[in-house]
Amino acid sequence: ALVQFQLTVPVAVVFAPGSVPGDLPRPLPFRDVQEMEIPLNLRTSVMSRYEIIYRSTTAQEDVALRAATAQEADAALHPLQDALLGSLTTYVVPETSSLLPQGINIYVGKHRSALVRAGGGLATLHTCLQQLTQVMSFTSSSIAAALSDRVPDGQLGSDARRHLKSSLGYEITFSLLNPDPKSHTVDWDIEDAVNRYVQPVLDKLSLVANFSVDSQILYYAVLGVTPRFDKESSSFLLSTHSLPHVINPVEARLGSSAASLYPVLNFLLYVPERSHTPLYIQDKDGAPVSTNAFHSPRWGGIMVYNVETPASPQSSLPLHVDVDMVRVMEVFLAQLRLLFGLSREELPAEFLMESPGNEVLADWELDRLLWAHTIENIATVSTTLTSLAQLLDKIGNIVIKDNVASEVYRAVASAQSAMAKLAAGHLHSAFQASKEAVTSSERAFFDPSLLHLLYFPDDQKFAIYIPLFLPVAVPILLSLAKIVRETRQRKKEPIKMD
């Protein structure tokens, strides 16, 4: 099925006094449209359309831009902006402005705006805008990653397969692994840590999906790899190539994720046994990894938490260990960002990006996620419905109930609505419509009334019923054969005439 996406991004370019370039084609305010095609493949075309309005600052924006620092200006400008998801506002400040530090020409805030130092004419400004939209909304690689099922592998970057697939929900499990409870009694205040560090992130991501969080402590759960002892550092080492073998044996103990409707993200804190302490993870070059953690794409992450061994061997066992949850959560939240594809890209030197603080992701990063997930959802619906149509073609005696038909119609209507909303620049409602389309298409595809026909096609029915009917059919067939024989015999005998 050919899918043609048009992604419209509303952009406002706002000039502070003294920053208006001399080569503007028309007096302010005026509108302009820039379009750019994102090359993908024959079945999918993506056109990105930037609807730009150029205007001067309002009195309130002027006051906000007189703040001492870019951070303060960003905070003051936030309530004055269009809060539309997916929109961008660029404030152009004079070249002499002290708002941006020396050598920094572009500042990306933690909401949906950026500050740009005026310099050069409109062409320079357009280059800045192009760089900003690539950072703050979507890039050809983020679109290709979202459409990874429809794009040839050669076009995908190394990160494309790392990100979690779009889902209506995710389950997050925090597990503490204590393989040696005789030596260590480990305490972790996971409830407080989740409330303090994880919940703000999930509140922000609640637009994207539903999340559930649980935690567990597993005793006597060991890693599947025996670490190597290093005499020089008198420590134990896990090398990069052995890390994939660590996960399988541990996963067997984690509890089945097969029972879950949604993808499960596992975050494991491993306290090594006393005989393997301290344990360090090495990178490709053999250097120790600073976080002592690693992550597995689409699965989760593992952090090794070493316990100080007491100087006197006589100290009573088990040792009491209080886990420093701040350090642990920093690592797990960084891994969570990687799993959702929110890793910060390398930026040019003149860029300054605001750290999102406690919320872990900026508003524009949420938008990036929504752009990618909306597109992925629509592509998923297209694939699901195409598969369903092919299936119905193959099975001639299938009966489509009204509820299945109405789910299919609803899925198509919601997908078309999502496409129309994307083209109109309404990201939030486009995403909601794409979620509804996925729900309806899944309901239609997995409807119980279709399932028994999937599992019992005609040839299988014959295979099941022939052994039952054959013993009954043999005497009937033999009787029929005898009757036929006798009838023929009768015809051959001459009729006696008296």
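Calculation rules
Residues numbered from 1 in each chain as written. Predicted model: local features only at pLDDT ≥ 70, side-chain atom pairs only at ≥ 80, totals over all residues. Heavy atoms only, no water. UniProt positions renumbered as here; feature names shortened; annotations may be inferred. Helix = DSSP H or I, 4+ residues; strand = E, 2+ residues; numbered from the N terminus. Rg over C-alpha atoms; globule rule 2.2 N^0.38 Å. Buried < 20%, exposed > 50% of the residue type's maximum accessible area, 1.4 Å probe, protein only. Contact = heavy atoms within 4.5 Å. Areas by Shrake-Rupley, 256 points an atom, 1.4 Å probe, with all protein chains shown as cover. Pairing = 2+ DSSP bridges. Axes fitted to C-alpha atoms, helices over the stretch in contact; angles between N-to-C directions. Patch = residues over 30% accessible without salt bridge, like charges linked within 9 Å, V, L, I, M, F, W, Y side chains within 5 Å. Salt bridge = Lys/Arg side-chain N within 4 Å of Asp/Glu carboxyl O. Core = buried A, V, L, I, M, F, W, Y, C linked by side-chain atoms within 4.5 Å. Parallel < 35°, antiparallel > 145°, perpendicular 65-115°, else oblique. Left-handed = near helix turned anticlockwise from the far one by under 90°. Nonpolar A, V, L, I, M, F, W, Y, C, P; charged D, E, K, R; others polar. Expected span 1.5 Å × (residues − 1).

Going by what an unreviewed UniProt entry lists, the protein is known as PIGS transamidase and is assigned to Indicator maculatus. Recorded under Subcellular location (unreviewed entry), the UniProt text for the protein is reproduced unchanged: "Endoplasmic reticulum membrane". The annotation that UniProt attaches to the protein under Sequence similarities (unreviewed entry) is "Belongs to the PIGS family."

> Just to check I follow, could you spell out the overall build of the protein for this structure?
For the protein, the helix and strand inventory stands at 12 helices and 17 strands. Here the protein has a C-alpha radius of gyration of 32 Å; the compact-globule value for 498 residues is 23 Å, and the former is much larger. Taken along its principal axes, the extent of the C-alpha atoms in the protein is 135 × 80 × 35 Å. For the protein, buried positions account for 45% of its 498 residues. Of the contacts made within the protein by residues no fewer than 6 positions apart, 76% connect residues no fewer than 24 positions apart. For the protein, the accessible area works out to roughly 26,100 Å², and carbon and sulfur atoms hold 56% of it.

> Which parts of the structure should I look at to understand the sheet that holds strand 1 (residues 3–15)?
Strand order in the open sheet formed by seven strands is 2-3-1-4-6-5-17, and the pairing between neighbours is mixed. Because the sheet does not close on itself, it has two edges, and the strands there are strand 2 (30–38) and strand 17 (351–353). Between one strand axis and the next, the sheet turns through 20° on average, direction left out of account. Inspection of the sheet shows strand 5 (residues 106–108) paired to strand 6 (residues 113–117) by three bridges, in the antiparallel sense. Across the sheet, the residue bridging to I106 is V116, located in strand 6. Its contacts with the sheet place helix 3 (residues 122–136) against strand 1, strand 2, strand 3 (44–56), strand 4 (88–93), strand 5, strand 6 and strand 17, and it is angled at close to 150° to strand 6. The strands that helix 8 (residues 363–394) touches are strand 1, strand 5 and strand 17; relative to strand 1, the one it contacts most, it runs at about 165°.

> Would you take a moment to explain the UniProt feature "transmembrane region" (unreviewed entry) in the protein for this structure?
On the UniProt side, "transmembrane region" (unreviewed entry) is annotated at positions that read residues 462–484 here. Secondary structure within residues 462–484 divides into 100% helix and 0% strand; the distance between the first and last C-alpha atoms comes to 28 Å.

> Hey, could you run me through a nonpolar patch on the surface in this one?
Where nonpolar side chains cluster on the molecular surface, the patch consists of F462, I466, L470, V474 and L478 and spans about 510 Å² of accessible area. Considering the arrangement of structural elements, one finds F462 in helix 12 (residues 458–492).

> Explain the sheet that holds strand 11 (residues 235–238) to me, please; I cannot follow it from the model alone.
The strands making up a sheet associate through backbone hydrogen bonding, with each pair oriented either parallel or antiparallel. Read from one edge to the other, the open sheet built from three strands follows the order 10-11-13, with strand pairing classed as mixed. With one partner strand each, in any of the chains shown, strand 10 (228–230) and strand 13 (279–281) form the two edges of the open sheet. Neighbour-to-neighbour, the strand axes of the sheet open up by a mean angle of 40°, direction not taken into account. Pairing of strand 11 with strand 13, which is carried by three bridges, proceeds in the parallel orientation. Bridging across to strand 13, L237 finds its partner in Y280.

> Teacher, can you tell me more about the nonpolar core here?
A general tendency of soluble globular proteins is for nonpolar side chains to be buried together. Among the nonpolar cores identified, the biggest contains 93 residues, and F174 and F340 are the most heavily contacted of them. With nine residues, the top contributor of residues to this core is helix 8. Look past the residues within four positions of F174 in its chain and what remains in contact with it is W188, I190, V194, V198, V213, D214, S215, Q216, F267, M329 and F332. Ranked by size, the runner-up nonpolar core spans 20 residues in total, among them V225, L254, L279 and V304.

> What should I look at first to understand the packing of helix 8 against helix 9 (residues 402–424) in this one?
Packed helix pairs are characterised by how far apart their axes lie and by the angle those axes make with each other. Relative orientation of the contacting elements helix 8 and helix 9 amounts to 150°, with a least axis distance of 10 Å. As far as their axial angle goes, helix 9 and helix 8 are roughly antiparallel. In this structure, helix 8 crosses over helix 9, and the sense of that crossing is left-handed. Within the contact between the two elements, helix 8 uses W371, T374, I378, V381, L385 and L388 and helix 9 uses V408, A411, V412, A415, A418, M419 and L422. Its residues placed into classes, the contact of helix 8 with helix 9 shows 12 nonpolar, one polar and no charged.

> Help me understand helix 8 in this model?
A turn of α-helix holds 3.6 residues, and therefore any two residues three or four places apart point the same way. Counted at 1.5 Å a residue, the expected span for helix 8 with its 32 residues is 46 Å, and the 47 Å between its end C-alpha atoms agrees. When you tally the buried positions in helix 8, you get 23 out of 32 residues, the bulk of the element.

> Looking at this model, I keep getting lost on the side chain of S414. Mind explaining?
Mapped onto the secondary structure, S414 falls in helix 9. Look at S414 and you get buried, because its relative accessible area is 9%. If we ignore the near neighbours within four places in the chain, the residues touching S414 are A433, E436 and A437.

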